[in-house]
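An overview of the molecular structure
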Amino acid sequence: MRRFAFLLAFAASLAGPAAFASESIGSKQISIPDPSGERPLQTRLWYPAGTSGPLTPIGGRDGSFPGVEVVENAQPAAGSHPLVLLSHGFGGNWRNLNWLAGELAGQGYVVAAPDHPGTTTFDKRPEQAARLWERPHDLSRVLDAVSTDPGLAGTIEAGHIAAIGHSLGGWTVMALAGGRYDASRLPAICSPAPLCEALTAVGLRDGGTDPARLGADLRDARIGAVVSLDLGPALGFTPQSLAAVRIPVLVLAAGTPVPGIAALKQDSDYLVSALPQASTRYLPIPDATHFSFMQLCLPDAAAAIEKIAPGESFVCRDGGTRDRTALHRQIADEILAFLARVQPSRQGL
């Protein structure tokens, strides 16, 4: 588990590609307070910009990982826009899907991505990590903030709100869709041992500190579609709750495992087997790995990883002859087509 968390944290702390960015993208960092003071949400926003200005690359590192070019703190564009909420994986942060956020914002979407306390690169408090039910609540809180304050990223189209999550973020958005988690299902099905260790570390195998709250209905009825990117773990979701999901779901899965990390395709396979067939689209990508959904690696990135963790530069390798830019293009096209089909915007997006 420590090895997997390191790789996610190292890769996620670096960047996302600018290949799909546009000069019309505005971006800002906000903090959403928590009345209890325990769980403020550091959140990155991307949105169609209403003002021009100098372009600033965000989420990048020179020579290794390019960032998405944005007009930092630009005024939001006029009109209303669909919203996409992004959820990062265990040990990651908003930079994980920075590349996808740039693509979506360039197509007219408002995008919002919080760092989940306890399971982010910058906050690994065990007591927060064990409260996994808070992750879906985080996205609902972000939705509350962005939808009620047009000054943040513009006016949100209430009927066009979706959520996308990678890895543990996929688990998060499926909980928002209505999946209910039963930790007692895990002891018999979490083999091999590394997966059991990982589930225990984040509180999913034993129900964390409060099995009842973890297994509660965490659905947010405002969300009209979700996208799961190589999620894990899904096997603890009850088949009854998945069968009752009433919103469209797109499931993308990696077809190539990476060394030392349990294959997650079984989770996507299980998810699709239990979801309603009429409203679910499933696409395994044979030449994608778990890390293919994250930022683009430039040539120097692999060498930088080798200096810190010899032998683990596979975080920058994909599973076939296509490079990650091509994989990102397929992933983005699938997501954009899915959202346009199931939530057609008044703006024709």
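In what follows, the structure referred to is the one given above.
Computed from a predicted structure; not experimentally measured. Position numbers for residues start from 1 in each chain and track the written sequence from start to end. Restriction of local features to residues with pLDDT of at least 70 applies here, the model being predicted, together with a cutoff of 80 or more for giving and counting side-chain atom pairs; totals for whole chains, interfaces and linings are based on all residues. To obtain the side-chain values, all non-hydrogen atoms of the structure were used and water was disregarded.

Description of the pairing of strand β6 (residues 110–114)
- Type-normalised accessible area, obtained with a 1.4 Å probe on protein chains alone, sets the label of each residue: buried when under 20%, exposed when over 50%, and partly exposed for intermediate values. The way it works is that DSSP assigns letters per residue, a run of H or I at least four long becomes a helix, a run of E at least two long becomes a strand, and they are numbered from the N terminus. For β6, the tally of buried residues reaches five of five residues, placing the bulk of the element in the interior.
- In β6, alternate side chains face the same way, and those of V110, A112 and P114 on one face and V111 and A113 on the other are all buried.
- Should DSSP find at least two bridges between two strands, the strands are regarded as paired. Here four bridges tie strand β2 (residues 41–48) to β6, and the two strands are oriented antiparallel to one another. Bridging across to β6, R44 finds its partner in A113.
- Both strand β5 (residues 80–87) and β6 contribute to a ladder of three bridges, which runs parallel.

Structural notes on the packing of aromatic side chains
- Only Phe, Tyr and Trp rings take part, Trp by its six-membered ring, and two of them pair if their centres are within 6.5 Å. Stacked means planes under 30 degrees apart, edge-to-face means over 60, and tilted covers everything else. In this structure the tally under the stated criterion is four aromatic pairs.
- Among the aromatic residues, ring-to-ring pairing joins W171, Y181 and F237 into one connected group.
- Here the guanidinium or amino end of R44 rests over the ring plane of W94, the centre of that ring lying 4.9 Å away. For a lysine, the NZ atom is tested; for an arginine, the CZ atom; a charge sits over a ring if that atom is within 6 Å of the ring centre and within 35 degrees of the ring normal.

Focus on the pattern of salt bridges
- Each reported salt bridge corresponds to a side-chain nitrogen of Lys or Arg within 4 Å of a carboxyl oxygen of Asp or Glu. The full count for this structure, using the stated rule, is 14 salt bridges.
- Residues R39 and D138 are paired through a salt bridge, measuring 2.8 Å at the closest nitrogen-oxygen approach. On the criterion of sequence distance, the pair formed by R39 in the loop between β1 (25–32) and β2 and D138 in helix α4 (residues 134–148) is long-range, its members being 99 residues apart. Taken as a pair, R39 and D138 share a single burial class, namely buried.
- Measuring nitrogen to oxygen at the nearest pair gives 2.7 Å for the salt bridge that ties R222 to D144. Highlighted residues: R222 in the loop between α8 (211–214) and β8 (225–229) and D144 in helix α4, separated in sequence by 78 residues.
- With a relative accessible area of 36%, R222 lands in the partly exposed category.
- Residues joined by salt bridges that share partners form a network here, namely E38, R131 and E134.

Structural notes on the sheet that holds strand β9 (residues 249–254)
- Strand order in this open sheet of 10 strands is β3-β4-β1-β2-β6-β5-β7-β8-β9-β10, and the pairing throughout is mixed. With one partner strand each, in any of the chains shown, β3 (56–58) and β10 (280–285) form the two edges of the open sheet. Here the average twist between neighbouring strands, direction ignored, is 30°.
- Note on contacts: a residue pair qualifies if any of its non-hydrogen atoms lie within 4.5 Å across the two residues. Lines are fitted to the C-alpha atoms to define the axes, a helix being fitted only along its stretch in contact, and any angle between axes, read from their N-to-C directions, falls within 0 to 180 degrees. In this fold helix α2 (residues 98–106) packs onto β1, β2, β3, β4 (68–72), β5, β6, β7 (155–166) and β8, with an angle of close to 35° to the strand it touches most, β2.
- Strands in contact with helix α10 (residues 265–274) are β8, β9 and β10; relative to β9, the strand with the most contacts, it is inclined by about 155°.

Here's the deal with the state of the cysteines
- The disulfide criterion used throughout: a pair of cysteine sulfur atoms within 2.5 Å. Using the criterion set out here, one finds one disulfide in the structure.
- Put simply, C297 and C316 are joined by a disulfide, and their sulfur atoms are 2.2 Å apart. Because the sign of the S-S torsion sets the handedness, a value of about -70° for the bond joining C297 and C316 places this disulfide among the left-handed ones. Here C316 lies in the loop between α11 (299–308) and α12 (324–342) and C297 lies in the loop between β10 and α11, a separation of 19 residues in the sequence.
- Residue C297 is classed as buried on the basis of its relative accessible area, which comes to 18%.
- On the accessibility criterion, C316 (16% relative accessible area) is buried.

A closer look at helix α6 (residues 168–177)
- With 10 of 10 residues buried, α6 is to be regarded as a mostly interior element.
- Among the residues making up α6, those that are buried are L168, G169, G170, W171, T172, V173, M174, A175, L176 and A177.
- G178 sits one or two residues past α6 and shows a positive phi near 125°.

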